[in-house]
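These are the residues of each chain, in order.
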Amino acid sequence: MSTFFRKLRRLTRRDRMEAELREELQFHLGEEAEERQALGLAEDEARWAARRDLGNFVLVQEDTRATWGWPMLEDAWRDLRYGARLLVRNPGFTMVVVCSLALGIGANTALFSVMDAMMLRMLPVPRADEIVRLRTPLSYPAFRTIRDRAQTLAGMSAFSIFPASVRVDQDAEQAVAQMVSGNFYTMLGVNAATGRLLSPDDDRVPGVGGRDGPVAVISYLYWQRRFAFDASIVGRTIILNGVPVTIVGVAAPKFFGVLQTLSPDFTLPIALQPRVSPSTNTELWVHGDEGSILTYDLTDEYGPSIVARLKRGVAIERAQAELTVLYQRILAARGSTQSEEQQRRREHGEQKVELTRAGNGSAMFPPKMRSLLLIAMSAVPAVVLLIACANVATLLLARAAARQREVAVRMSIGSGRIRLIRQLLTESFVLAIAGGTVGLLIATWGRRVLLAWISSRSGPFFALQAETDTRTLIFTLAASIAATLLFGTLPAIRATKTDLVSTLKNGGRVGTGGRGWEAGKVLVAAQVALSLMLLVSAGLLVRSVRNLQAFDPGFDREGLYLLHTMFLGYKGPQTGTLLKEVWERMSSLPGARAVGISQEVPPDGRRLGVTVDGAVNLAQDKMYVDRLMVGPGFFDAMGIPILAGRPITARDDEHAPNVCVVSAAVARTFFADRNAIGRHFTFKRTGAEYTVEIVGVARDLKRADQQSEWRPVYCPMLQDLPTLNAIVLIRASGDASAVLAAARRQFREIDKNLFVDVLSIDRRIEDNVFFQRLLATLASVCGGLAVLLASIGLYGVMAYSVARRSNDVGIRMALGADRRSVVVKVVRETMTVVAAGVVVGLAAAWGATRLIASTLFGVTVMDPPTLALAIAAMMTVALLAGFIPARRAAAVNPVIALRQD
Amino acid sequence: MSPKAPTRVELLQGTLDVLILRTLISGPMHGHAISKHIQRTSEHLLQIETGSLYPCVHRLEAKGWIAASWELSDKGKRAKYYRLTALGRKQLFAEQSKWKAFARAMGLILDPAGQEGS
């Protein structure tokens, strides 16, 4: 320890120490010389002998100095200062390099922080790694049994997210709510920002709650968005799905719920479920006591989601094993009323409880998209950074050639090569840190734009929040260090591999060509290749999005609006009455050319297995249709002509016989050229079957993704009550806003608790291709950056090459070469490099586009127009980058160029 | 510096420390004097290179085993004199017994008969 302080003290008295060392060594030399003189040598000779005996004076100093402090650290600090000074002295060079790196690092950091927030980050709760989700569906009673008996869990909580219609003041608004067990917050370890959170007492009495009656906690985000942090909100009563609920508190700022990307605005105790839940099936959770486990055997799949916390130190496998035993006991108790479904599960050995880590929340994207997005969001910007590094390496190589004399001098007076490489790398690091800092600014801006765009496309409940936090900073630092090694190593090694004698003799000038220049060419070709790869990918994705948006689904999109609502707080048959009332009021809206009701809009729908009366030549797995639930006016409003029979009307309700309308394709597939009308479909559903009669044939619709044949069959939603979702389709003529406002008024008159969400069909189609657009935008922006960087690199290399050969050019011109031939020569050289890059780039693109092939629509992976355009764009930019230096070469004045020598 | 066999460097590293500490037991000395003293007492078997001497004394100083001060030499010139500290004295005794044991062990192995005889 004391050694540490002694060294520290010495660090602070550096200059005096240096002087003293010099004096000490001088004294030594004096003594030595005197001694030799005493032996009879002449004074001069004695001094020289002493000096020879001492050896390398500088080296002795260097070695001694090394014992004073921490030489590595001090050298690094000195190198840092030296590097920084050097960079300040070359502002042009520094700016190009820092900008290149900033773009590269910025793109990476921005995407990293978004990706981190979207898929990687842990929930903001203590020991988030203990949080697990049950992947096996459990009924509520089964959940309670397991919760009470599990020894390996510190807690277990049910949660279920549901849509809510909330009335705070005048109009009803759409909101996301979740109901949770009373222990939800305590188990997770979340605190209240204000007021209190839920307690087990609030979750005691089904339909009532606890001592305070129906209560709810709101999220911090909702508090901010809806109430602007109004503290008086605590204690207020709002109407949620028709039930008066008291807000008792606000959850901690960073807690969005257990799903990172879907943030419930309201959290209620699960005991309120029978009153607030929109679904009829889920009533079973709470009302089921121990006895009803048997009764509601089948309802496992309708049960709530379950989140649990492992006891400290318990492995997830152990918990899984225990829960499996408990679950199998419940299944065994149900034995007597085992359904087919249970039987099947047992046979397949599927009755295991599956646990997965849930500490990072679940992803908003399905797994396949998720991995593709992970690749896209990390690989694409990584390629940009790679290009930026190649770019900087090229410039450094050029500069290293210019600094050969400096390096040679330093090496000839005894600097070690490793030491020099370290110094050059430190300079590179200074550049990278500067680039990283600017990159961080770019990232902050880029992320804001990206997040704003994503959330504008993914609904109001998207909770993604990303900020510049420690993780982001660490990532940026890591990227900077990686970049340093990537772009700095080669030039540093190159620079120090030098022939001292010839370099010093030549006065620092090296002959034309040279290996640095060749390496530069290779790097530029690599940049061109990578850029072309990104350009081709971007081009394919953009074209594919265009195709998707221009896709003609078979119905008329002109002026079509969708008014979405949910019949929240209504039960069973009530919804039918409500639906009829909505239809009656809407169908007479002034200014609407056509109005229809529907539960879903193509290309949605549910795939169901069917049987058909009469012989059908189809394999068992081909016996399916895609069912859409529609109401009166649907075909009229959508502009889908009925080819035969009749459409679905308001009279097709629960009292009328079950009917359906099929698309022409379905009629063809199942009934060939025979008449489909009057025939029957039988749908297979869990537990029950029902048969419908075909009363009409509608014109075909098309769907963009054609993994399998799409077979729309339209069934009356009035015959499948209760219905939760309802969409009013309005085809407006002229100004839509008046008719939409009138529709809203009608809704308010029907029930002021109904929310209305208006969307044009175009916007909806756009939203459907959100994922493809995200990829396309990402690739386009990165591709643009890549081309920009590559052209900077190309320009740098060509400009440098021209400057170095001005002598050569001068001689040629003095010998009679005209300016044009000089330009042609330089441009030809540029294009050779670019052409090499293009060839390699095409091969790389061929590989890369295979990755995105599954998301492409209407273009092949090697789409000729896209390829041609990408190559043309690359060539044009390259030509420009090469032409400016060529012009400069041609402007060389032979006299001046030759006099330089 | 001239290349050395690695074993000798290792040996010299530890040895030089002890030699310097031992030399300073007879009183404060400057660098040149230390080097001459070792040379003389070892009957010129050991030649201390300046390139090793100064880094070594500075290292010992950093460890607090020796302390330095500027004094006038007998010829009246300013010189940096090193003297042993209490810590250094303790270190020397520890090292000395270690070296003696080592030397004895080496002797026993290299010349068993001779050791027994003496």
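## Notes on the overall build of chain A
Along chain A, the regular secondary structure elements total 30 helices and 21 strands. Burial analysis of chain A (901 residues in total) assigns 42% to the buried set. Here the contacts in chain A between residues at least 6 apart in sequence split such that 83% fall between residues at least 24 apart.

## Regarding the interface of chain A and chain B
In this complex, chain A contributes 21 residues to the contact, which on the side of chain B involves 16 residues. Secondary structure elements with two or more residues in the side of chain A that touches chain B: α1 (2-12), α2 (14-38), α3 (43-54) and α4 (57-65) of chain A. Broken down by element, the residue count for the side of chain A that touches chain B peaks at seven residues, all from α2 of chain A. Among the residues making up the side of chain A that touches chain B, the classes are represented as seven nonpolar, six polar and eight charged.

## Here's the deal with the sheet that holds strand β2 (residues 66-72) of chain B
Sheet strands associate in pairs through backbone hydrogen bonding, adopting either a parallel or an antiparallel arrangement. Residues and elements named next belong to chain B. The strand order β1-β3-β2 describes an open sheet built from three strands, whose pairing is antiparallel. Looking along the sheet, the strands with just one partner apiece sit at the ends: β1 (29-30) and β2. The sheet contact formed by β1 and strand β3 (residues 78-84) spans two bridges and is antiparallel. Bridge assignment links M29 to a residue of β3, and that residue is Y82.

## A closer look at the nonpolar core
Residues and elements named next belong to chain A. Core analysis: the biggest nonpolar cluster contains 126 residues, and C660, V728 and I730 have the highest contact counts within it. For this core, the element with the highest residue contribution is strand β2 (residues 153-167), accounting for eight residues. Inspection of this core shows a minimum of three residues originating in each of domain 3 (128-357) and domain 5 (568-753). Ranked by size, the runner-up nonpolar core spans 107 residues in total, among them V383, V430, A776 and A786.

## Quick notes on the pairing of strand β1 (residues 131-134) of chain A
Residue and element names in this part refer to chain A. Neither face of β1 is open: one carries I131 and R133, the other V132 and L134, and all of them are buried. Summarising the sheet, β1 and strand β9 (residues 305-310) pair through four bridges and their orientation is antiparallel. Across the sheet, residue L134 finds its bridge partner in β9, namely I306. Two elements, β1 and strand β10 (residues 355-357), share three bridges in a ladder whose sense is antiparallel. If you follow R133 over to β10, its bridge partner there is T356.

## Notes on unusual backbone geometry
For residues that are not glycine, phi is negative in most cases, and the peptide bond is trans in most cases. Residue and element names in this part refer to chain A. Within the chain, A228 stands out as a residue other than glycine whose phi angle is a positive 50°. When the 8 C-beta atoms within 10 Å are taken as the criterion, A228 is described as exposed. Positive phi is not limited to glycine here, since F229 has a value of about 60°. Structurally, F229 is set in the loop between α9 (220-227) and β6 (237-240).

## Focus on the packing of helix α7 (residues 140-149) of chain A against helix α13 (residues 316-333) of chain A
Residue and element names in this part refer to chain A. The geometry of α7 relative to α13 is characterised by a closest axis approach of 10 Å and an angle of 135° between their N-to-C directions. It follows from the interaxial angle that α7 and α13 lie oblique. Here α7 runs over α13; the crossing is right-handed. Residue-level contacts link A142, T145, I146 and R149 of α7 to L323, L326, Y327 and I330 of α13. By residue class, the composition of the contact of α7 with α13 is six nonpolar, one polar and one charged.

## Considerations on helix α21 (residues 574-587) of chain A
All names here are of chain A. Its 14 residues place the ends of α21 20 Å apart at the C-alpha level, agreeing with the 20 Å of an ideal helix rising 1.5 Å per residue. Buried within α21 are the following residues: T575, G576, L579, V582, W583 and M586. When α21 is viewed along its axis, its buried side chains cluster within an angular range of 125° and face the same direction. Elements in contact with the buried residues of α21: β12 (592-598), β20 (725-732) and α24 (736-750).

## Some points on the pairing of strand β19 (residues 712-716) of chain A
Residue and element names in this part refer to chain A. Summarising burial for β19: five of the five residues are buried, a large majority. Neither face of β19 is open: one carries P712, Y714 and P716, the other V713 and C715, and all of them are buried. Pairing of strand β14 (residues 624-630) with β19, which is carried by five bridges, proceeds in the parallel orientation. When the sheet's bridge partners are listed, M629 is paired in β19 with C715. Note: strand β16 (residues 659-663) against β19, two bridges, orientation antiparallel. Looking at the pairing, V661 lines up with Y714 of β19.

## Concerning the confidence of the model for chain B
Fine structural detail should not be taken from predicted coordinates in areas where pLDDT scores are low. Residues and elements named next belong to chain B. For chain B, the average pLDDT comes to 78, and 83% of its residues sit at 70 or higher. For the stretch residues 1-11, pLDDT sits under 50, and the model shows four contacts to residues farther than four places along the chain or on other chains. With pTM at 0.64, the complex prediction returns an ipTM value of 0.79.

## Concerning the packing of α2 of chain A against α3 of chain A
All names here are of chain A. Running from amino to carboxyl end, α2 crosses α3 at an angle of 130°, the nearest separation of the two axes being 8 Å. The angle between the axes of α2 and α3 places the two elements in the oblique class. Between α2 and α3 lies a crossing of right-handed hand. From α2, L29, E32, A33, R36 and Q37 reach across to α3, where they touch E43, A46, R47, A49, A50, R51, D53 and L54.

The rules we used
Residues numbered from 1 in each chain as written. Chains lettered and ligands numbered in written order. Predicted model: local features only at pLDDT ≥ 70, side-chain atom pairs only at ≥ 80, totals over all residues. Helix = DSSP H or I, 4+ residues; strand = E, 2+ residues; numbered from the N terminus. Buried ≥ 20, exposed ≤ 12 C-beta atoms within 10 Å, placed from the backbone. Contact = placed C-beta atoms within 7 Å. Nonpolar A, V, L, I, M, F, W, Y, C, P; charged D, E, K, R; others polar. Pairing = 2+ DSSP bridges. Core = buried A, V, L, I, M, F, W, Y, C linked by C-beta atoms within 7 Å. Domains from an automatic or database assignment. Axes fitted to C-alpha atoms, helices over the stretch in contact; angles between N-to-C directions. Parallel < 35°, antiparallel > 145°, perpendicular 65-115°, else oblique. Left-handed = near helix turned anticlockwise from the far one by under 90°. Expected span 1.5 Å × (residues − 1). Arc of directions from axis to C-beta. pLDDT = per-residue confidence, 0-100.

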